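Here are the chains, one letter per residue:
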Amino acid sequence: MQALTYLEEYHSFKEAALNSRFLKHKTIQQLIKKLPEAFEQRCIGQSHEGRDINLIQWGNGSIKVFLWSQMHGDEATGTMALFDLFNFLQLPQFQEISSLLAKSCTLYLLPMVNPDGAERFVRRNAQQIDINRDFNHQVSPEARLLKNTRAEINPHFGFNLHDQSTLWSVKKTGKPATLSYLAPAFDEALSVNEVRQNAMLVIAQMYKYLNPLLPQQIGLFDDEYEARAFGDNFQAAGTSTILIEAGGMFGDEEKQEIRKYFFLSILSGLYAISTRNYVEEPLQHYFSIPKNNKEIFHILIKNLLHQDIRVSIGLSYEEEPAEQGYATVKTYTIKDIGDLDHLGAYHIYKEETLQIEGPIDIYQPANFTLKKDNMILLSFKNGILQSKL
Ligand SMILES: [Zn+2]
């Protein structure tokens, strides 16, 4: 597994038609149509608003692997990575690894589970249902399709592809969790059986390949049992299920860098499955992956003299969809005031002579200007960033 080479060659298989998080069903349908014969495709049903949902099948091996993405409409990184994978698998220079995968595995791919949500760039489907909390009641057509597809294929492995909040960090690093992995629990006791253990071991291998490329930026996601979620239920049903979450990365708000590492995570997982190398991996290597926590802000202003005391101020934004699902608006809120020495941020302001003009009110939208020697470094109006240096 030549992880670094694949990263360096990424430009040769990056799907250029997908260049932002705001990708839509129409675009991916055109890409699916253009796939060569080796990628068998069939429409397995429709979303609530009638958009076709396609399943793509590739490879001839006996190990069945099911990969599904964008169950949450505003989580598109996994979808972009899957289309990069489709291109990668067709390129002659990567034939050695693609032949190995094709011989060992049959891949079943569902690149956009929630096209109606993607259209609006929201988490939920058109019925306002969170598909990943609808495994049991099955009120959404998308949850029914996903559940039935797994039951029909009965795959050995599953890849559950999501994006997480950019405010997850890797414990004790002050860095964002650019990627998080998890073998979801199948019961309240967080038991480990062979099915879950296989997922853990594959993750340990993925971590081994990715960690040198993203040091201190990969975390283990919280494994609390969620009885309504797909990962937990698929694990219980006998499919070794691997969750991959794309988080944040310095300077990569549109996630076009993270996308590369997401692709590499999928590829290294498939490689581990194909070679069965994971069976040699000590289980301890899964549990020693650092945990995720929330010790990061989007903006941190350090040691500011404010109302005669020295304090740090942490701000983070919430994103709301805008421009018909083709953009977002970010509203910044003051999340904490005080001793924030142990916390990190995407942007840190820590000069000695910072001055602030305007109110600093905890839990309120940012509404101030930050200056240094009368030069504006940052300025917010009702939570909206006006300028940033
Ligand atoms: Zn999600």
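In this text the structure is predicted, and so the values were computed from the model without any measurement.

Caption draft 1: A look at the side chain of K371. Mapped onto the secondary structure, K371 falls in strand β17 (residues 369–372). A polar atom in the side chain of K371 sits 3.3 Å from the side chain of E357. Residues within four places of K371 in sequence aside, it is in contact with T353, L354, Q355, E357, I376 and L377.

Caption draft 2: Region of the structure containing the sheet that holds strand β13 (residues 309–322). Pairing is mixed in the open sheet, where four strands are placed in the order β14-β13-β12-β15. The open sheet has two edge strands with one neighbour each: β14 (327–338) and β15 (344–349). The sheet shows a mean angle of 30° between the axes of neighbouring strands, direction not considered. One ladder, built from six bridges, connects strand β12 (residues 296–306) with β13; its direction is antiparallel. Within the sheet, the bridge partner assigned to L305 lies in β13 and is R310.

Caption draft 3: Region of interest: the pattern of salt bridges. If you walk through the whole model with that rule in mind, you get 20 salt bridges. E254 is the salt-bridge partner of R21, the closest N and O atoms lying 2.9 Å from each other. On the criterion of sequence distance, the pair formed by R21 in the loop between α1 (3–8) and α2 (25–33) and E254 in the loop between β10 (240–246) and α9 (258–275) is long-range, its members being 233 residues apart. R21 sits in the buried class, given a relative accessible area of 7%. Taking the relative accessible area as the measure of exposure, E254 reaches 32% and is therefore partly exposed. Taking the shortest distance from any N to any O, the salt bridge between K330 and E253 comes out at 2.3 Å. Of this pair, K330 sits in strand β14 while E253 sits in the loop between β10 and α9, and the two are 77 residues apart along the sequence. Exposure remark for K330: the relative accessible area of 17% places this residue in the buried category. Connected via shared salt-bridge partners are E49, R51, D116, E119 and R120.

Rules of the game
Residues numbered from 1 in each chain as written. Predicted model: local features only at pLDDT ≥ 70, side-chain atom pairs only at ≥ 80, totals over all residues. Heavy atoms only, no water. Helix = DSSP H or I, 4+ residues; strand = E, 2+ residues; numbered from the N terminus. Polar contact = N/O pair within 3.5 Å; in protein donor to acceptor, adjacent residues only side chain to side chain. Contact = heavy atoms within 4.5 Å. Pairing = 2+ DSSP bridges. Axes fitted to C-alpha atoms, helices over the stretch in contact; angles between N-to-C directions. Salt bridge = Lys/Arg side-chain N within 4 Å of Asp/Glu carboxyl O. Buried < 20%, exposed > 50% of the residue type's maximum accessible area, 1.4 Å probe, protein only.

These figures capture arrangement, not role.
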